[in-house]
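# Understanding the architecture of this molecule
What follows is each chain in one-letter form.
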Amino acid sequence: GESVGLHLPTLSVQEGDNSIINCAYSNSASDYFIWYKQESGKGPQFIIDIRSNMDKRQGQRVTVLLNKTVKHLSLQIAATQPGDSAVYFCAETRNQGGKLIFGQGTELSVKP
Amino acid sequence: GAVVSQHPSWVICKSGTSVKIECRSLDFQATTMFWYRQFPKQSLMLMATSNEGSKATYEQGVEKDKFLINHASLTLSTLTVTSAHPEDSSFYICSANRPGYRGEKLFFGSGTQLSVL
């Protein structure tokens, strides 16, 4: 289903700690998932993606985990930095490049 | 990398006027573009899918006569908010699909903040 208009949950972490941001997606038929970072007043910025035939993918300082059984996605950020402070959204789609359905989002705040 | 340009980045208008927002793919041809709106502290809500040379496909609950979408070329889609009212004030974001591109295939514009007085 579509993302509903709920207010964003927040996550506050200390600089240097690891962050874990979670997302529950809605459509069991979705086969491609993306994590985006959005800073205030800007469009979403691609972080990392994962296909449904994988359960883990790593990038630079970020790891995405996919659990299709419970329709759960997580983003792990290692050694979180103040520049990581932003809102993070997961998004799902049935085919890569098709319309994206965004999750609720989480506001990450990194304390120096 | 591929770039999507959105213009204007912000606009203030009077209630009852119409506002046009442009979304351009700068270095690729986009047969499909998407329009989202986002209220403060909320997620992006898909409004419509814009297809080059054909009518846009609107999501449930989005008024097609209110939000006119035109995708007249492979590099340009426009969203016109007609007879805007204060409740239309929002952040509007477009994205473009780059077919055949390896890796990330959807590219987002920088958004347009619309404020209706």
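Just so it is clear, the structure is predicted and the values come from calculations on it, not from any experiment. (Residues numbered from 1 in each chain as written. Chains lettered and ligands numbered in written order. Predicted model: local features only at pLDDT ≥ 70, side-chain atom pairs only at ≥ 80, totals over all residues. Heavy atoms only, no water.)

### Observations regarding a nonpolar patch on the surface
All names here are of chain B. Selection rule: Note on patches: the residues involved have over 30% relative accessible area and no salt bridge, like charges join within 9 Å, and the nonpolar side chains Val, Leu, Ile, Met, Phe, Trp and Tyr join within 5 Å. For the area figures, the Shrake-Rupley method with a 1.4 Å probe applies, and any residue is considered shielded solely by the protein chains shown. Salt bridge criterion: a side-chain nitrogen from Lys or Arg within 4 Å of a carboxyl oxygen from Asp or Glu. Numbering of helices and strands runs from the N terminus; a helix is a DSSP stretch of H or I covering at least four residues, while a strand is a stretch of E covering at least two. Here the term buried applies to any residue with accessible area under 20% of the maximum for its type, exposed to any over 50%, and partly exposed to those in between, with areas from a 1.4 Å probe on protein chains only.
Among the surface-exposed residues, Trp 10, Ile 12 and Leu 117 lie close enough to one another that they form a single nonpolar patch of about 400 Å² accessible area. When you line up the elements, Leu 117 lands in the segment after strand S11 (112–116). Residue Leu 117 is classed as exposed on the basis of its relative accessible area, which comes to 66%.

### A few points about the state of the cysteines
Heads up, the condition is: Count a disulfide wherever a pair of cysteine sulfur atoms falls within 2.5 Å.
Under the defined criterion, the tally for this structure stands at two disulfides over all chains. At a sulfur-sulfur separation of 1.6 Å, the disulfide partner of Cys23(A) is Cys90(A). Taken as a pair, Cys23(A) in strand S2 (residues 19–24) and Cys90(A) in strand S8 (residues 86–93) lie far apart in primary sequence, 67 residues in all. We note that Cys13(B) lacks a disulfide partner, and the nearest cysteine sulfur, in Cys94(B), lies 18 Å from it.

### Examining the environment of Lys71(A)
All names here are of chain A. So the rule is basically this: Each polar contact in these results corresponds to two N or O atoms within 3.5 Å; when the atoms are within protein, one needs to be able to donate a hydrogen and the other to accept it, and residues that are neighboring in sequence are counted only if both atoms are side-chain atoms.
Within the secondary structure layout, Lys 71 lies in the loop between strand S6 (62–67) and strand S7 (72–77). Sequence spacing of Lys 71 and Pro 82 is eleven residues, and the spatial spacing of their C-alpha atoms is 30 Å. Of the polar contacts made by the side chain of Lys 71, one reaches the backbone oxygen of Ser 26; its length is 3.3 Å.

### Considering the confidence of the model for chain A
Rule in force here: Each residue carries a pLDDT score, the predictor's confidence in it, ranging from 0 to 100. Contacts between residues were defined by any pair of non-hydrogen atoms, one from each residue, lying within 4.5 Å.
For chain A, per-residue confidence averages 90 on the pLDDT scale, and 91% of positions sit at 70 or higher. Low pLDDT, under 50, characterises residues 1–5 of chain A; the predicted model gives this stretch eleven contacts beyond four residues in sequence or across chains.

### What about the side chain of Gln38(A)?
Residue placement: Gln38(A) occurs in strand S3 (residues 32–38). On the basis of relative accessibility, which here comes to 7%, the residue Gln38(A) falls in the buried class. Among the polar contacts made by the side chain of Gln38(A), one reaches the main-chain carbonyl oxygen of Lys42(A) at a distance of 2.8 Å. Setting aside residues no more than four positions away along its own chain, Gln38(A) makes contact with Gly43(A), Pro44(A), Ala86(A), Val87(A), Phe89(A), Gln38(B), Leu44(B), Phe91(B) and Ile93(B).

### Quick look at the sheet that holds S6(A)
All names here are of chain A. Basically, it comes down to this: Here a strand pair is declared whenever DSSP counts at least two bridges between the two strands. Between N-to-C directions, angles cover 0 to 180 degrees, with each direction set by a line fitted to C-alpha atoms, over the stretch in contact for helices.
Sheet architecture is open: four strands sit in the order S2-S7-S6-S5, paired in antiparallel fashion. Two strands lie at the open edges of the sheet, namely S2 and strand S5 (56–58), each paired on one side alone. Averaged over all pairs of adjacent strands, the angle between their axes in this sheet comes to 15°, without regard to strand direction.

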